[in-house]
Amino acid sequence: MKILVIGSGAREHAIAWKLAQSPRVREIIVAPGNAGTAREPRVRNAPVAVTDVDGLLALAHNEGVTLAVVGPEAALAAGVSDRFHATGIRCFGASRIAAQLESSKAFAKEFLVRRNIPTARHATFEDLELALAYVRRHGAPIVIKADGLAAGKGVVVALTQADAELALRDMLGAHSFGAASARVVIEEFLAGEEASYIVMSDGRNVLPLATSQDHKRRDEGDLGPNTGGMGAYSPAPVITPAVETRILEQIIRPTIAGMAAEGVPFIGFLYAGLMIDADGAPKVIEFNVRLGDPEAQPILMRLKTDLLDLIEDALDGRLDRSVASWDARPAIGVVVAAAGYPGKVRSGDVIDGLAVEPDPDVKVFHAATALDAQGRIVSAGGRVLTVCARGADIAAARDKAYAATAEIGFTGAFWRRDIGHRALDRR
């Protein structure tokens, strides 16, 4: 079987790496891929952008691809899954309409309220003055979100009213995220501990993946600006068996049933970003319609089942009969970012220390990397690498991940040094 993986980040590198382990896979093409996917056995890149739907279709037809797996939300929002299915190529990823659970915060919030699924109170605005009046009335802390896709960076947790007003002026006034911030969603601040809960859905049934937790803030201690994610670990101790039951019964299954009832069956990876309060009650912070990044990397390092089998079960509507097997050992991923991230960064710096991965429990997934004219691996964006490791416990996994991270370097590289601190604190 020849498979097309759409995307260029560390998540897509992890997906391609895992799929390539299937004995039924002959070759994987990653479009556009990165320097890491270019080096994986049975994997090669094709220079087609994730939103070039016509180009992706032509590539799939010319290469004899029988299955496509979509990584990033931008491709799903562009309708790539719909177009592939219409031309007879199986594609695992949400439809364009279903992808609005992520591509429009307002759509998602209205759906949650309509279906009585627990989430934060909210209001939606396009007018700056009305939005400012709302935050002045409700005060801080408060959360400001760009309505559209902003690569994980369109969220401001404003701890003061001044911060909230600055965020609104930035989004609605200065259009800092372009069309994505032409409308904003303002939400109440939720206290508790965040966690990521990701499932595969066939439109009716769900298969939960291993639990995980990421670190969205740039700096140690969960401080600094929001990013696309500075690291993640799996499993997440905050999601106890009792909490997981509540998540499935109160959030995941009602979401899948609600989408189906509204004529928009959800087929793909569904990611619920959750806040778990002190009593174990979950509320939805956000939905993503794909595997999380960086959560996918440690999750897929723990997956023992053939990922291709699970995807085909989902496309065939038989996830109720599927079972996923997991390595009992925790896994952790540390994101290595370029100086300036999540703002403007420099690209083209040569990355050292990537030659050897001697430990089978350590894997470096590439995100923003490329090959220069001399064939050297160079940085090509903000989140450059995710260094992952498995260990007997979370402390051992973290030690391995940080030891491997210390071997890697490029000008301006930085990473958080406390990934997994909540799990370690619980222990």
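Relevant structure appears above.
Residues numbered from 1 in each chain as written. Predicted model: local features only at pLDDT ≥ 70, side-chain atom pairs only at ≥ 80, totals over all residues. Heavy atoms only, no water.

(A) Summary view of the packing of aromatic side chains. Scanning all chains against the criterion turns up 3 aromatic pairs. Geometrically, the ring pair formed by Trp-17 and Phe-365 is edge-to-face, given 5.3 Å between the ring centres and 75° between the ring planes. A residue pair is termed long-range when its members are at least 10 positions apart, and Trp-17 in helix α1 (residues 10-19) and Phe-365 in strand β19 (residues 362-366) qualify at 348 residues. Of the two residues, Trp-17 and Phe-365, both sit in the buried class. (Phe/Tyr/Trp six-rings, centres within 6.5 Å; stacked < 30°, edge-to-face > 60°. Helix = DSSP H or I, 4+ residues; strand = E, 2+ residues; numbered from the N terminus. Buried < 20%, exposed > 50% of the residue type's maximum accessible area, 1.4 Å probe, protein only.)

(B) View of the packing of helix α7 (residues 128-138) against helix α8 (residues 161-173). Close contact between α7 and α8 brings their axes to 10 Å; oriented N to C, the two are set at 165°. Considering their axes alone, α7 and α8 lie roughly antiparallel with respect to each other. Taken as a pair, α7 and α8 cross one another with a handedness that is right-handed. When α7 is examined against α8, the residues Leu-128, Ala-131, Leu-132, Val-135 and Arg-136 are found in contact with a partner set consisting of Gln-161, Ala-164, Glu-165, Leu-168, Arg-169, Leu-172 and Gly-173. Of the residues contributing to the contact of α7 with α8, the split by class is 7 nonpolar, 2 polar and 3 charged. (Axes fitted to C-alpha atoms, helices over the stretch in contact; angles between N-to-C directions. Parallel < 35°, antiparallel > 145°, perpendicular 65-115°, else oblique. Left-handed = near helix turned anticlockwise from the far one by under 90°. Contact = heavy atoms within 4.5 Å. Nonpolar A, V, L, I, M, F, W, Y, C, P; charged D, E, K, R; others polar.)

(C) Structural detail: helix α9 (residues 241-261). The end-to-end C-alpha distance of α9, which contains 21 residues, comes to 28 Å, matching closely the 30 Å that a straight helix rising 1.5 Å per residue would cover. Residue Leu-248 marks the point of greatest curvature in α9, where the axis turns by about 40°. When we look at burial in α9, the residues that qualify are Val-243, Ile-247, Leu-248, Ile-251, Ile-252, Thr-255, Ile-256, Gly-258 and Met-259. Looking at the buried side of α9, the elements it contacts are α5 (100-103), α6 (105-114), β10 (193-202), β11 (206-208), β16 (267-276) and β17 (282-288). Within two residues after α9, Gly-263 carries a phi angle of roughly 80°, on the positive side. (Expected span 1.5 Å × (residues − 1). Bend = angle between axes of the 7 residues up to and from the residue.)

(D) Spatial organisation of α6. Turning to α6, its buried residues are Lys-105, Ala-106, Ala-108, Lys-109, Phe-111 and Leu-112. Summarising the contacts, the buried residues of α6 are in contact with α5, β6 (122-125), β7 (142-146), β9 (184-188), α9 and β17. One or two positions beyond α6, positive phi appears at Asn-116, with a value near 60°.

(E) Representation of the environment of Ser-95 in the model. The topology assignment puts Ser-95 in the loop between β5 (90-92) and α5. In this structure, the C-alpha to C-alpha distance between Ser-95 and Thr-245, residues 150 residues apart in sequence, is 27 Å. What Ser-95 contacts, discounting residues up to four positions off in sequence, is Leu-76, Asp-82 and Val-264. One polar contact links the side chain of Ser-95 to the main-chain amide nitrogen of Ala-98, over a distance of 3.2 Å. (Polar contact = N/O pair within 3.5 Å; in protein donor to acceptor, adjacent residues only side chain to side chain.)

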